[in-house]
Amino acid sequence: MQVIETLDHMRAARSALRRPIGFVPTMGYLHDGHVSLIHRAHAECASVVVSIFVNPTQFLPGEDYERYPRDTPRDLALCEKAAVSVVFAPTPAEVYPPDFASYVEVTGLQDRWEGAIRPGHFRGVATVVAKLFRIVQAERAYFGEKDYQQLQIVRRMALDLCLDTDVISCPTIREPDGLAMSSRNVYLSADDRQRAVALFRALSAAQSQLLGGETSGSSLSSTMKDLLVKAGLDVDYAAVVHPSSLEPLERIGREARALLAARLGPVRLIDNAPLRPATWSETQK
Ligand code: AMP
């Protein structure tokens with residue numbers, strides 16, 4: 001496994017890799033969710049490139065950029081075990097030299113939900129992903145549904161800018177009690193870790209209510225919000241949206257997505273799930 005820190009070395013390394021290349025962008029502190037993306041990339045590609053980069057431009061002032069969890073030796077061991085071909089771990093100065101001045105915006109999609117609460121966040125995400133896509137030039141890139149809005153934004157951007165990397169979505173990997181795996185879960189106190197399962201319970205409650213015949217988006221949103229509040233979480237949003245435009249849905253006809261964001265003390269968690277009425281099955285897609 002090669003560990004590469006500069007753009008020039010990454011460019012040189014990519015031309016020696018067997019194709020197709022599968023690319024897994026991460027911010028490190030890897031867990032089984034990241035590993036699932038690496039395994040999927042392996043199943044579909046001849047080489048796998050993982051990037052580890054805590055991207056400063058996607059953190060707002062006052063957010064947790066400085067204290068975002070980092071453990072490079074452990075990450076490298078996990079990548080080695082998962083037979084990754086190249087780990088690309090550039091420094092911030094390598095990605096953002098002092099005269100850096102170009103940013104990517106995915107208008108509309110970037111302003112909703114996470115974007116409304118964290119203005120500028122998705123500009124940072126889209127910019128770094130565009131840059132990484134250009135440097136790695138993979139045939140496919142693997143993203144988790146865990147960050148559902150990010151996935152839609154990256155997919156839109158790759159299409160709009162002809163980046164020639166297919167964006168592949170992978171299911172959310174969860175702890176046994178349903179909590180979505182996240183690098184930020186390490187911040188949770190023991191009590192808050194117990195409470196955090198409310199996110200998964202809220203998503204499950206909305207799905208059950210839909211199967212019971214309730215198709216009003218606002219009723220399902222209220223169900224989720226009430227459940228989170230009762231569990232002691234501060235809710236940023238609990239929404240039922242169209243799966244690709246992310247616009248709120250008043251009536252669920254075919255398929256929708258439930259999106260949640262809530263805070264437990266200093267920790268902010270997001271989660272989401274598909275919502276499908278009983279009459280809608282995978283085969284109808
Ligand atoms: P991050 O390191 O948090 O920026 O995440 C890197 C990639 O891993 C993104 O595509 C995430 O959506 C994905 N990811 C994070 N957590 C999970 C999870 N629990 N299940 C599946 N994918 C995940």
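Preceding this section is the structure that the text describes.
Remember, predicted model here, so these are calculated numbers, not experimental data. (Residues numbered from 1 in each chain as written. Predicted model: local features only at pLDDT ≥ 70, side-chain atom pairs only at ≥ 80, totals over all residues. Heavy atoms only, no water.)

Description of the overall build of the chain
Broken down by element type, the chain carries 10 helices and nine strands. C-alpha extents for the chain along the principal axes are approximately 55 × 40 × 40 Å. Looking at the chain residue by residue over its 285 residues, the buried ones come to 51%. Taking the contacts inside the chain whose residues are at least 6 apart along the sequence as the reference set, 72% of them involve residues at least 24 apart. A total accessible area of about 13,100 Å² is found for the chain, and carbon and sulfur atoms account for 51% of it. Positive and negative charge centroids in the chain, built from 32 and 34 side chains respectively, lie 3 Å apart. (Helix = DSSP H or I, 4+ residues; strand = E, 2+ residues; numbered from the N terminus. Buried < 20%, exposed > 50% of the residue type's maximum accessible area, 1.4 Å probe, protein only. Contact = heavy atoms within 4.5 Å. Areas by Shrake-Rupley, 256 points an atom, 1.4 Å probe, with all protein chains shown as cover. Lys, Arg positive; Asp, Glu negative; His and termini not counted. Charge placed at Lys NZ, Arg CZ, Asp CG, Glu CD.)

Quick word on the packing of aromatic side chains
The final tally for this structure, using the stated rule, is eight aromatic pairs. With a centroid separation of 6.2 Å and 70° between ring planes, the pair formed by F23 and F133 is classed as edge-to-face. With F23 in strand β2 (residues 21-26) and F133 in helix α6 (residues 121-136), this residue pair connects regions lying 110 residues apart in the sequence. F133 carries the same exposure label as F23, and that label is buried. Centre to centre, the rings of Y96 and F100 are 4.9 Å apart; their planes meet at 90°, and the pair counts as edge-to-face. Assessed through its relative accessible area of 14%, Y96 is described here as buried. A relative accessible area of 22% places F100 in the partly exposed class. Among the aromatic residues, ring-to-ring pairing joins F53, Y96, F100 and Y103 into one connected group. (Phe/Tyr/Trp six-rings, centres within 6.5 Å; stacked < 30°, edge-to-face > 60°.)

Focus on unusual backbone geometry
The amide bond that connects R19 to the next residue, P20, takes the cis arrangement and shows omega of 0°. With a phi close to 45°, W113 is a non-glycine residue in the positive phi region. Mapped onto the fold, W113 is located in the loop between α4 (92-95) and α5 (114-117). Despite not being glycine, C162 has its phi angle at roughly 50°, a positive value. Inspection of the secondary structure puts C162 in the loop between α7 (148-160) and β6 (166-170). With a relative accessible area of 59%, C162 lands in the exposed category.

Description of the site of the ligand
Around the ligand sit 17 residues, and of these M27, H34, D147, I173 and M181 come closest. Taking H34, its side chain carries an N or O atom lying 2.9 Å from an oxygen atom of the ligand. Separating an oxygen atom of the ligand from a backbone N or O atom of G144 is a distance of 2.9 Å. With the chains in place, 93% of the 480 Å² that the ligand exposes on its own is no longer accessible. Broken down by secondary-structure element, the contributors of at least two residues to the shell around the ligand are β2, α2 (32-44) and β5 (140-144). (Near = heavy atom within 4 Å. Polar contact = N/O pair within 3.5 Å; in protein donor to acceptor, adjacent residues only side chain to side chain.)

None of this, on its own, says anything about what the molecule does.
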